[in-house]
Amino acid sequence: MSNEHDSTAPDLMPFVEQMAALNPTSLLHRMGIEVTEATMERVVATMPVEGNTQPYGLLHGGASVVLAETLGSIGAALHAGKDRIVVGTDINATHHRAARSGLVTGVATPINVGNTLSAWEVVVTDEDGKRVCTSRLTCLVRQAPPGA
């Protein structure tokens, strides 16, 4: 788990690992998502195709959306800070091609981050670097409830 993309970026992986530890039965864990990079400029993760397929053996479109929402939400939470929470309010996805095996990689980059809304683009590619899915996520940023 590194920040190879930008060597000057602060290492935000400890914060991501704390978030993931909050719920060991979350979709992040169930889908096999592994966050490999987390900076304020991008969040990257991989997810196995195996176990996340539809009946024809292809990566399920919903699995791509889970990966996209996970990465965009992590990015929004990093920008929001520890005293705030984020919740997804809108997501869309365009599925470009099928993935049948191996890992897919999602890369989330901010479109716009503000005090109340955070929008992210997430590109999911296969092991050959071919685009499988493009998604856009908008998150609402709120003050964390007391005790959260």
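The sections below set out a description of the structure shown in this document. Treat the numbers as computed from the prediction; the structure is a model and nothing was measured.

1. Side note on the layout of surface pockets
At step 1: As a volume, the largest pocket reaches approximately 750 Å³.
At step 2: Lining the largest pocket we find 26 residues, and of these Met19, Ala20, Leu22, Ala77 and Val86 sit closest to its centre.
At step 3: Counting only elements with at least two residues in the lining of the largest pocket, the list comes to α1 (13-21), α2 (27-30), α3 (61-80) and β3 (84-95).
At step 4: Of the residues forming the lining of the largest pocket, the biggest block, six residues, is contributed by α3.
At step 5: Taken together, the residues of the lining of the largest pocket break down into 16 nonpolar, seven polar and three charged.

2. Some words on the pairing of strand β1 (residues 34-38)
Each regular strand carries side chains that alternate between the two faces of the sheet.
At step 1: Where β1 and strand β2 (residues 43-48) come together, four bridges link them in antiparallel fashion. Bridge pairing in β2 places Glu37 opposite Val44.
At step 2: Taking the residues between adjacent antiparallel strands as the criterion, β1 and β2 are bridged by four residues.

3. A short note on the environment of Val132
At step 1: Mapped onto the elements, Val132 comes out in strand β6 (residues 131-143).
At step 2: On the accessibility criterion, Val132 (3% relative accessible area) is buried.
At step 3: Spatially, the C-alpha atoms of Val132 and Thr94 are 8.5 Å apart, while their sequence positions differ by 38 residues.
At step 4: What Val132 contacts, discounting residues up to four positions off in sequence, is Leu59, Ser64, Thr94, His95, His96, Arg97, Ala99, Val124, Thr125 and Asp126.

Cut-off values and rules
- Residues numbered from 1 in each chain as written.
- Predicted model: local features only at pLDDT ≥ 70, side-chain atom pairs only at ≥ 80, totals over all residues.
- Heavy atoms only, no water.
- 1 Å grid on protein atoms, 1.4 Å probe; cavity = no way out; pocket = protein on both sides within 12 Å on 5 of 7 lines; lining within 4 Å.
- Points joined across faces, edges and corners; volume = space filled by probe spheres on them.
- Helix = DSSP H or I, 4+ residues; strand = E, 2+ residues; numbered from the N terminus.
- Nonpolar A, V, L, I, M, F, W, Y, C, P; charged D, E, K, R; others polar.
- Pairing = 2+ DSSP bridges.
- Buried < 20%, exposed > 50% of the residue type's maximum accessible area, 1.4 Å probe, protein only.
- Contact = heavy atoms within 4.5 Å.

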